[in-house]
Each structure stands twice: as C-alpha cells, then as structure tokens.
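# Architecture and fold: a report
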Amino acid sequence: MLPARHPPPVPGTVLCRLDDLPDPGAKGLTFGEGRLAFEMFVVRRGARAWGYVNDCPHAHTTLEFMPDRFLDSAGLDIICSTHGARFAVETGRCLIGPCKGQ
C-alpha cells in the first residue's frame, strides 16, 4: 500500500494575511514534506483571494516557474509554466491550452 499524501488544509484554515499577498499576486503554500506534500497557492486580486491546488490538470506538474510566480506578466490569468495554459483567477477554469475547459 502506498503512503497517503498529506491532506489539504481544512476549510476555514487561515493560510496567510491578505496584506501578505501582492495585488495582484500569488503565494505558494506547502503542507507536509517531500513527494507526499500537498501543494497549493493563493491568488489575490483587490480585496478577494482564491485558493487552488498547484497541479496542472493536463501535465500534472506544478504551475509556477519560480517561487510564487503563478500569474502572467499582466497579473490577469494563472499560467502553467509547463505548456503555457491559462486559467481564470476567479474560477480556475482553463481558458487556453490542452486542458481547455478543465
């Protein structure tokens, strides 16, 4: 039997302060260690923030190319560093790329 992945934080867990995030911007968070860690990120736009699992639905790689670099240069979309897919900040839905609609 394979070891279980670290569980995600439970709903209501404080991940960081809104002021700790650039506007617009994002911050990666890791729970646990090694290959069993749970990786996610939080994206801020104005007074709102969204949290997502750090996993490309197409390639199953992490999305950022450098720590905390999840957004395109304009800060409009989440972008996958593996193949350039773009995701809507507000919904996480893939807008452009091989995972379109996911």
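The present account deals with the structure reproduced in this document. Bear in mind that the values here come from a model prediction, so they are computed numbers and not experimental data.

## Details of the nonpolar core
For soluble globular proteins, nonpolar side chains are generally found buried alongside one another. Core analysis: the biggest nonpolar cluster contains 16 residues, and F41, V43, L63, I78 and F87 have the highest contact counts within it. Each residue touching F41, except ones within four places of it in the same chain, is listed here: K27, G28, L29, W50, G51, Y52, V53, N54, L63, F70 and I78. With 5 residues, the next largest nonpolar core counts L29, F38, M40 and V42 among its residues.

## Re the environment of D55
Relative to the helices and strands, D55 is located in the loop between β3 (48-53) and β4 (77-79). For D55, a relative accessible area of 30% puts it in the partly exposed group. For D55 and G12, which are 43 residues apart along the polypeptide, the C-alpha to C-alpha distance reads 21 Å. Among the polar contacts made by the side chain of D55, one reaches the side chain of H60 at a distance of 2.9 Å.

## Regarding the side chain of D72
The residue D72 is located in the loop between β3 and β4 in this model. Looking at D72, its side chain comes within polar contact range of the main-chain nitrogen of G75, at 2.8 Å. Contacts of D72, omitting those with residues within four sequence positions, involve D77, I79 and R86.

## Here we look at the sheet that holds β3
As summarised here, the arrangement of the 3 strands in space is β1-β2-β3, forming an open sheet in which the pairing is antiparallel. Bordering the open sheet on either side are β1 (25-31) and β3, each of which pairs with just one other strand. Neighbour-to-neighbour, the strand axes of the sheet open up by a mean angle of 20 degrees, direction not taken into account. Sheet topology note: the β1/strand β2 (residues 38-45) ladder contains 7 bridges and is antiparallel.

## Side note on the sheet that holds β4
Taken together, 3 strands build an open sheet; the order of strands is β4-β5-β6 and the sheet is antiparallel. Edge positions in the open sheet fall to β4 and β6 (94-96), since each of these has one partner strand only. Between one strand and the next, the sheet's axes are offset by a mean angle of 40 degrees, whatever the strand orientation. Two strands pair when backbone bridges link them, and strand β5 (residues 86-88) and β6 are joined in this way by 2 bridges, in the antiparallel orientation. Bridged to R86 within β6 is I96.

## Things to note about the environment of F87
Here F87 lies in strand β5. For F87, a relative accessible area of 4% puts it in the buried group. Sequence separation between F87 and L21 is 66 residues, and the spatial gap between their C-alpha atoms is 19 Å. Non-local contacts of F87, meaning those with residues more than four positions away in its chain, are made with P57, L63, D77, I78, C80, G92, R93, C94, L95 and C99.

Rules used throughout
- Residues numbered from 1 in each chain as written.
- Predicted model: local features only at pLDDT ≥ 70, side-chain atom pairs only at ≥ 80, totals over all residues.
- Heavy atoms only, no water.
- Core = buried A, V, L, I, M, F, W, Y, C linked by side-chain atoms within 4.5 Å.
- Buried < 20%, exposed > 50% of the residue type's maximum accessible area, 1.4 Å probe, protein only.
- Contact = heavy atoms within 4.5 Å.
- Helix = DSSP H or I, 4+ residues; strand = E, 2+ residues; numbered from the N terminus.
- Polar contact = N/O pair within 3.5 Å; in protein donor to acceptor, adjacent residues only side chain to side chain.
- Pairing = 2+ DSSP bridges.
- Axes fitted to C-alpha atoms, helices over the stretch in contact; angles between N-to-C directions.

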